Amino acid sequence: QVQLVESGGGLVQPGGSLRLSCAASGSIFSIYGMVWYRQAPGKQRELVAAITSGGSTNYADSVKGRFTISRDNAKNTVYLQMNSLKPEDTAVYYCHADRVVVGPLSEYDYWGQGTQVTVSS
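We now turn to the structure provided with this report. (Residues numbered from 1 in each chain as written. Predicted model: local features only at pLDDT ≥ 70, side-chain atom pairs only at ≥ 80, totals over all residues. Heavy atoms only, no water.)

## Here we look at the packing of aromatic side chains
Stated precisely, the cut-off is as follows: Here a pair means two rings of Phe, Tyr or Trp (six-membered ring of Trp) with centres within 6.5 Å. Their orientation is stacked below 30 degrees between planes, edge-to-face above 60, and tilted elsewhere. Numbering goes from the N terminus for both helices and strands, where a helix is a DSSP run of H or I of at least four residues and a strand is a run of E of at least two. Summary of the burial criterion: residues with accessible area below 20% of their type's maximum are buried, those above 50% are exposed, and those between are partly exposed, where the area comes from a 1.4 Å probe applied to protein chains only.
Enumeration according to the criterion identifies 2 aromatic pairs in this entry. Here the aromatic rings of Tyr-37 and Trp-111 are separated by 5.1 Å at their centres, their planes lie at 50°, and the arrangement is tilted. Taken together, the residues span a long stretch of sequence, with Tyr-37 in strand β4 (residues 30-39) and Trp-111 in strand β10 (residues 106-111) at a distance of 74 residues. Residue class for Trp-111 comes out partly exposed when judged on its relative accessible area of 41%.

## Here we look at the state of the cysteines
Applicable threshold: A pair of sulfur atoms, both from cysteines and within 2.5 Å, is called a disulfide here.
Evaluated as defined, the whole model comprises 1 disulfide. The disulfide bridge from Cys-22 ends at Cys-95, spanning 2.1 Å between sulfur atoms. Taking the torsion about the S-S bond as the criterion, the Cys-22 to Cys-95 disulfide, at about -80°, is left-handed. Placement of Cys-22 in strand β3 (residues 18-25) and of Cys-95 in strand β9 (residues 91-103) is noted, with a sequence separation of 73 residues between them.

## With respect to the pattern of salt bridges
Short version of the rule: Salt bridge, as used here: a side-chain nitrogen of Lys or Arg that lies within 4 Å of a carboxyl oxygen of Asp or Glu.
In the structure shown here, the tally under the stated rule is 5 salt bridges. Among the charged side chains, a salt-bridge network with shared partners connects Arg-38, Glu-46, Arg-66 and Asp-89.

## Thoughts on the environment of Asp-109
To be explicit about the condition: The contact rule is simple, with two residues in contact once any of their heavy atoms fall within 4.5 Å.
Residue position: Asp-109 is located in strand β10. Separated by 10 residues in sequence, Asp-109 and Arg-99 have C-alpha atoms that sit 5.4 Å apart. Setting aside anything within four residues of it in sequence, one finds Asp-109 in contact with His-96, Ala-97, Asp-98 and Arg-99.

## A look at the side chain of Arg-38
Cut-off, in case you're wondering: Polar contacts, as used here, are pairs of N or O atoms within 3.5 Å; protein pairs need one atom able to donate a hydrogen and one able to accept it. Residues neighboring in sequence count only if both atoms are side-chain atoms.
Its place among the elements puts Arg-38 in strand β4. Within polar-contact distance, the side chain of Arg-38 engages the side chain of Glu-46 at 2.7 Å. Among the polar contacts listed, one links the side chain of Arg-38 to the side chain of Tyr-93, at a separation of 2.9 Å. If sequence neighbours within four positions are ignored, Arg-38 has contacts with Gln-44, Arg-45, Glu-46, Val-48, Ser-62, Val-63, Phe-67, Glu-88, Asp-89, Ala-91, Val-92 and Tyr-93.

## Brief notes about the nonpolar core
In summary, soluble globular proteins display a tendency toward joint burial of nonpolar side chains. What counts is decided by this rule: Residues belong to one nonpolar core when they are buried, are Ala, Val, Leu, Ile, Met, Phe, Trp, Tyr or Cys, and are joined through side-chain atoms within 4.5 Å.
Grouped together as the largest cluster of nonpolar side chains are 32 residues, with contacts concentrated most on Trp-36, Leu-80, Met-82 and Tyr-93. Listing elements by their share of this core, those giving two or more residues are β3, β4, β5 (46-52), β7 (67-72), β8 (77-82), β9 and β11 (115-119).

## Describing the pairing of β11
Spelled out, the test is: Two strands pair under a simple rule: DSSP has to find at least two bridges between them.
Here β11 shows one buried face, formed by Thr-115, Val-117 and Val-119, and one open face, formed by Gln-116 and Thr-118. As judged from the 3 bridges shared by strand β2 (residues 10-12) and β11, these two strands associate in the parallel manner. Within β11, the residue paired with Leu-11 across the bridge is Thr-118.

So this is what it looks like as structure tokens:
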């Protein structure tokens, strides 16, 4: 069984910073993509940032230049450094592991439970 555990959320003032972490645990051979999504109240879940096992990254236009995604493949952990936070960044942030190889011909996707980020003065 694979679990994703997020941490690092909280309340921060506009202009502040937070760093989210998501650690995958269990019987894991490899993880192709690790992705951060977010969902604000009354809105659809949206992709924030993604990173492949090779280090290629992709960002939503709304966070480019402010957020940085990184990962430690040895620890099966992905990070999201969020700077210059705005009230519109307020949402529940979810970690998603894409194409997790757990055995021969066994590949699945997994979601974390989410962590709340609130940007408010």
